[in-house]
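Each chain, written out:
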Amino acid sequence: MKHWHLVAYDVASPKRLRRVHRHLSARALAVQRSVFLFHGSHRELRRMLSELDVLIDGTDDDVRAYPSIHPARMWLSRTLQGEAPDPRPDGEPPLLISHDGEINGGICRALARRLRLTP
């Protein structure tokens, strides 16, 4: 069964940082520079983390994976007033929120396409 995880890293060396970023970019969706959304089984997550372990220095670098809810239920950002938008008419929380309360913005569009929420 596949699950969602937030994977974040802090890598000291620019060379190792590029390698880790490239590795994660091929397997997960970048949310921020060092934060990714990974969708896979626990076995796939363990394999990816093992591959990353080879790329980092365990004394200087840090890679962490956190279980996450489905990205369609995440708040990606708030409205300009700092308030969360009203729920949708069906009572569910909005799917993907950007600064103006619409499904837009780079990460919002990419995530919406990945989740097949928009054409």
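Scroll up to find the structure.
This structure is a prediction, so every number in the text was calculated from the model and none was measured.

Re the overall build of the protein chain
Scanning the protein chain for helices and strands turns up 3 helices and 4 strands. The secondary structure elements of the protein chain, listed N-terminal to C-terminal, are β-α-β-β-α-β-α. The burial tally for the protein chain puts 31% of its 119 residues in the buried class. Counting contacts in the protein chain only where the partners sit at least 6 residues apart, residues at least 24 apart contribute 58% of the total.

Let's talk about the sheet that holds strand E4 (residues 62–68)
On the basis of which strands lie adjacent, the open sheet formed by 4 strands has the order E2-E3-E1-E4 and antiparallel pairing. On the outer flanks of this sheet lie strand E2 (29–32) and E4, each paired with one strand and no other. Looking at each pair of strands side by side, their axes are set apart by 30° on average, direction ignored. Against the sheet, helix H2 (residues 42–55) makes contact with strand E1 (3–10), strand E3 (35–40) and E4, and its axis sits at roughly 140° relative to E3, the strand it touches most.

Considerations on the packing of aromatic side chains
In this structure the tally under the stated criterion is 1 aromatic pair. Each ring, one from Tyr9 and one from Phe36, has its centre 6.2 Å from the other, and the planes form 25°; the classification is stacked. A residue pair is termed long-range when its members are at least 10 positions apart, and Tyr9 in strand E1 and Phe36 in strand E3 qualify at 27 residues. Phe36 carries the same exposure label as Tyr9, and that label is buried.

Describing the environment of Val54
Counting through the fold element by element, Val54 comes out in helix H2. Here the alpha-carbon distance between Val54 and Val20, two residues 34 residues apart in the chain, equals 9.8 Å.

A word on the pattern of salt bridges
The final tally for this structure, using the stated rule, is 3 salt bridges. Of the charged contacts, one joins Glu51 and Arg27 as a salt bridge, the two residues approaching to 3.4 Å between their closest N and O atoms. Within this pair, whereas Glu51 is found in helix H2, its partner Arg27 is found in the loop between helix H1 (14–25) and E2, the two being separated by 24 residues in sequence. The shortest N-O distance in the salt bridge between Arg64 and Asp62 comes to 2.6 Å.

A closer look at the nonpolar core
Counting 13 residues, the largest nonpolar core has Tyr9, Val20, Leu24 and Met48 as its most contacted members. Top element by residues in this core is H2. It accounts for 3 residues.

Some words on H1
The terminal C-alpha atoms of H1, which comprises 12 residues, lie 16 Å apart, in line with the 16 Å expected from a rise of 1.5 Å per residue. When H1 is considered as a whole, its buried residues turn out to be Arg16, Val20, His23 and Leu24. Each buried residue of H1 lies within a common arc of 95° when the element is viewed along its axis, so the set occupies one face. Turned more than 90 degrees off the buried face of H1, the exposed positions are Pro14 and Arg22. Tucked into the core, H1 has its buried residues touching E1, E3 and H2.

A look at the packing of H1 against H2
Packing of H1 against H2 brings their axes to within 10 Å, and their N-to-C directions diverge by 165°. In terms of orientation, H1 and H2 fall into the roughly antiparallel class. Both H1 and H2 take part in a crossing whose hand is right-handed. Residues Arg16, Arg19, Val20, His23 and Leu24 of H1 pack against Met48, Glu51, Leu52 and Leu55 of H2. Tallied by class, residues from the contact of H1 with H2 come to 5 nonpolar, 1 polar and 3 charged.

What counts and how
Residues numbered from 1 in each chain as written. Predicted model: local features only at pLDDT ≥ 70, side-chain atom pairs only at ≥ 80, totals over all residues. Heavy atoms only, no water. Helix = DSSP H or I, 4+ residues; strand = E, 2+ residues; numbered from the N terminus. Buried < 20%, exposed > 50% of the residue type's maximum accessible area, 1.4 Å probe, protein only. Contact = heavy atoms within 4.5 Å. Pairing = 2+ DSSP bridges. Axes fitted to C-alpha atoms, helices over the stretch in contact; angles between N-to-C directions. Phe/Tyr/Trp six-rings, centres within 6.5 Å; stacked < 30°, edge-to-face > 60°. Salt bridge = Lys/Arg side-chain N within 4 Å of Asp/Glu carboxyl O. Core = buried A, V, L, I, M, F, W, Y, C linked by side-chain atoms within 4.5 Å. Expected span 1.5 Å × (residues − 1). Arc of directions from axis to C-beta. Parallel < 35°, antiparallel > 145°, perpendicular 65-115°, else oblique. Left-handed = near helix turned anticlockwise from the far one by under 90°. Nonpolar A, V, L, I, M, F, W, Y, C, P; charged D, E, K, R; others polar.

Note that every value here comes from positions in space, so none of it alone points to a role or purpose.
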